[in-house]
Amino acid sequence: MFWSIVLFLFTLIIGIISPVSGVGGGVLFVPLSTLIFPFHVDFIRGAGLVMAVTSALSSVPYLTKKGLANIRLFAVLAPIMVITSVVGGFVGLKVTSAFPGGKYYIELMLGAIILLVFAVMMLSKKLEFPDVKEEEMDSWAKSLGLRGAWYEPTLGRVVNFNIKNMKKSAVVFAIIGFIAGMFGLGAGWANVPVLNMLMGAPIKVATATSMLIITANAPAIGIYLTKGAILPSIVIPSVLGITIGARIGAKVAEIIKPVFVRWLVLGILFLAGALNVIKGLQGLGVIPHIIPGG
Amino acid sequence: MVEKEQEVKVDDMGLVFGKSMIVFTIIGIIMMIVPAILYFVGIRQYIPLADVSKYWGGSAAEFWQHTKGFHVHGYGWIFNNLFYTDTLSMLGVLLLMITPLISMIAAMFKGPTKAYKILLFLAAVEFVISIFFKAG
């Protein structure tokens, strides 16, 4: 009972952060839970995934209605990411069976990439409201009508936006899907910077649309269900916490200042990058084992 | 503010996607939580709560070996034990897993152009492939 209450409160906080940052929650829940809770990492990963998907499912309808989560972008990107994630998962199984220690190098590389994205985002200007002119839109973006609008309460007006670099982004999202599938990761950490910096989606649209894209990762729940790694005792408090938190977070995401969203995303990217680097280094024996389950 | 919000035009495709998602998410959560409450109060438990907290520190394989004496593979452990509240609760998780698929199919019919209908159809087909692939 004690652990259920702690788990509920912990996931409630993650649920509030998740729709605001566009990161599914698993990226925070899994590494921190392995430090806090007595459950094996199998159950933590299973609960983390159900939680991340539930938080996305709970917040997306609200964000879609407000014009923040863009269904057109999802319709274009989902077919690319889902199939490359399946291919990545297949390749990942082959690679890990042939080269078991390789996952630590990958974690290290992934951490380095996330920290690089963090540095680029930190130095970039105009992330809150990138100004993509009609003439900057490529032929794909124009023909698919990749544009949108939402009412921004902090400005007191409707903000319109256009999307650019659709062709390049299709390739980048294919790579993200492949990497996410290969190493069993969510892709929120990558979705937001690409949507924002490469495609020119305003930061709040990028975070909301990232939540929409995360829903396409739901089939990964099957991995844990078929192994019996989802237990009501762990999943129910987590889902309750994340669902209530995500409803609060979706409303917060609408009214919060975009500059705060930017710093929150940066903070999460830094944390996720650093945790991956630490896990990779401890797996390779370079540093002592400080994160359980790594 | 209400007037300003009305200036924002959201695709019917997006609205249908969102509406179907919220309906099935709520149903999924209820299907998950109601049996779980019965489980927590001690009704028809497949794995007793005391055993869960005793063995949740081990891997999933070790957990099942200690509590039930076998290893789990596939969805059989859920569908063969639906008279137990903890396994019944997993049906809700399954529904949550396929909710994005239901939403994609619903939104497909509201696609503003043929291109979006095809893209959502492709995404739905790939989603199904992904379910089978990821279930091993």
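In this numbering scheme, every chain counts its residues from 1 along its sequence in written order. As they are written, the chains are lettered A onward and the ligands numbered 1 onward, keeping that order. In view of the model being predicted, local features appear only for residues whose pLDDT reaches at least 70, and side-chain atom pairs are presented and counted only at 80 or more, with totals across whole chains, interfaces and linings using the full set of residues.

Student: Would you mind going over the overall build of chain A with me for this structure?
Tutor: Helix and strand content of chain A: twelve helices and two strands. Working definition: helices are DSSP H or I runs of at least four residues, strands are E runs of at least two. Numbering for both runs from the N terminus. Listed by position from the N terminus, the elements making up chain A come as α-α-α-α-α-α-β-β-α-α-α-α-α-α. When its C-alpha atoms are laid out on the principal axes, chain A stretches across 50 × 40 × 35 Å. Within chain A, contacts between residues at least 6 apart in sequence are counted, and of these 81% link residues at least 24 apart. Residues are defined as contacting one another if the C-beta atoms placed from their backbone atoms lie within 7 Å.

Student: What am I meant to see in the packing of helix H7 (residues 166-182) of chain A against helix H8 (residues 188-198) of chain A here?
Tutor: All names here are of chain A. It is at 11 Å that the axes of H7 and H8 come closest, and there the two elements cross at 170°. Our classification of the angle between H7 and H8 gives roughly antiparallel. The residues of H8 that touch H7, namely those facing Lys168, Ser169, Val172, Phe173 and Ile176, are Ala190, Val194 and Leu198. A fitted line through C-alpha atoms serves as each axis, taken over the contacting stretch for helices, and the angle formed by two N-to-C directions is quoted from 0 to 180°. Working rule for angles: under 35 degrees goes down as roughly parallel, over 145 as roughly antiparallel, 65 to 115 as roughly perpendicular, anything else as oblique.

Student: How should the pairing of strand S2 (residues 157-162) of chain A be read in this particular structure?
Tutor: Consecutive residues of a regular strand have side chains that alternate between opposite faces of the sheet. Residues and elements named next belong to chain A. For two strands to be treated as a pair, DSSP must find at least two bridges joining them. Strand direction decides the pairing type here: strand S1 (residues 147-152) and S2, joined by six bridges, are antiparallel. Across the sheet, residue Glu152 finds its bridge partner in S2, namely Arg157. Linking S1 back to S2 in an antiparallel pair, the connection comprises four residues, with Gly156 at a positive phi of about 70°.

Student: Whenever I open this one, the nonpolar core confuses me. Can you help?
Tutor: Most often, soluble globular proteins have nonpolar side chains that are buried together. Any nonpolar core is a set of buried residues, restricted to Ala, Val, Leu, Ile, Met, Phe, Trp, Tyr and Cys, that join up through C-beta atoms within 7 Å. Remark: C-beta atoms are placed from the backbone, and a residue is labelled buried if 20 or more other C-beta atoms sit within 10 Å of its own, exposed if 12 or fewer do, or partly exposed between those counts. Counting 132 residues, the largest nonpolar core has Val50, Ile221 and Ile230 of chain A as its most contacted members. With 13 residues, the top contributor of residues to this core is helix H3 (residues 41-65) of chain A. Beyond its immediate sequence surroundings of up to four residues, Val50 of chain A is in contact with Ile221, Ile230, Val235 and Val239 of chain A together with Val93 of chain B.

Student: Sorry if this is basic, but what is going on with the packing of H3 of chain A against helix H6 (residues 85-108) of chain B here?
Tutor: A pair of packed helices is characterised by two quantities: the angle between their axes and the separation of those axes. The geometry of H3 of chain A relative to H6 of chain B is characterised by a closest axis approach of 10 Å and an angle of 55° between their N-to-C directions. Classified by the angle between their axes, H3 of chain A and H6 of chain B sit oblique to one another. The hand of the H3 of chain A/H6 of chain B crossing is left-handed. Of the residues in H6 of chain B, those in contact with Val50, Val53, Thr54 and Leu57 of chain A of H3 of chain A are Val93, Leu96 and Thr99 of chain B. Split by residue class, the contact of H3 of chain A with H6 of chain B holds five nonpolar, two polar and no charged. When the near helix sits turned anticlockwise from the far one by under a right angle, the crossing is termed left-handed; a clockwise turn instead gives a right-handed crossing. All residues other than Ala, Val, Leu, Ile, Met, Phe, Trp, Tyr, Cys, Pro, Asp, Glu, Lys and Arg, Gly among them, are scored as polar; the first ten of these are nonpolar and the last four charged.

Student: Honestly, the confidence of the model for chain A in this entry has me stumped. Any pointers?
Tutor: Detailed reading of the predicted model is not advised wherever pLDDT is low. When the pLDDT values of chain A are averaged, the result is 83; 90% of them are 70 or greater. A score from 0 to 100, pLDDT tells how confident the predictor is in each residue. For chain A, helix H2 (residues 26-36) of chain A is the element with the lowest average pLDDT, namely 71, and S2 of chain A is the one with the highest, namely 93.

Student: How should H7 of chain A be read in this particular structure?
Tutor: Each turn of an α-helix holds 3.6 residues, which means side chains three or four residues apart point in the same direction. Helix span, as expected, comes to 1.5 Å for every residue beyond the first. Taking 1.5 Å as the rise per residue, H7 of chain A with 17 residues should run 24 Å; its terminal C-alpha atoms sit 24 Å apart, in good agreement. Listed in full, the buried residues belonging to H7 of chain A are Met166, Ser169, Phe173, Ile176, Gly177, Phe178, Ile179, Ala180, Gly181 and Met182 of chain A.

Student: Just to check I follow, could you spell out the interface of chain B and chain A for this structure?
Tutor: Much of the literature gives interface size as the accessible area that the parts lose upon coming together. With 57 residues of chain B in contact, the opposing surface of chain A contributes 52 residues. Of all the secondary structure elements, the ones that give two or more residues to the side of chain B that touches chain A are helix H1 (2-6), helix H2 (12-40), helix H3 (49-55), helix H4 (60-67), H6 and helix H7 (114-134) of chain B. A per-element tally of the side of chain B that touches chain A places H2 of chain B first, with 14 residues. Residue composition of the side of chain B that touches chain A, by class: 37 nonpolar, twelve polar and eight charged.

Student: Please clarify how the environment of Val286 of chain A should be interpreted in this entry.
Tutor: Residue and element names in this part refer to chain A. With respect to the helices, strands and loops of the structure, Val286 is situated in the segment after helix H12 (258-283). Using a count of 11 C-beta atoms within 10 Å as the deciding quantity, one classes Val286 as exposed. Considering only alpha carbons, one finds Val286 and Val60, 226 residues apart in sequence, at a separation of 41 Å.

Student: Please clarify how unusual backbone geometry should be interpreted in this entry.
Tutor: Apart from glycine, the bulk of residues carry a negative phi angle, and the bulk of peptide bonds sit in the trans form. Although it is not a glycine, Asn165 of chain A adopts a positive phi angle of roughly 55°. Within the fold, Asn165 of chain A resides in the loop between S2 and H7. For Arg44 of chain B, which is not a glycine, the phi torsion comes out positive at approximately 40°. Within the secondary structure, Arg44 of chain B is located in the loop between H2 and H3. Taking the number of C-beta atoms within 10 Å as the measure of exposure, Arg44 of chain B has 14 and is therefore partly exposed.

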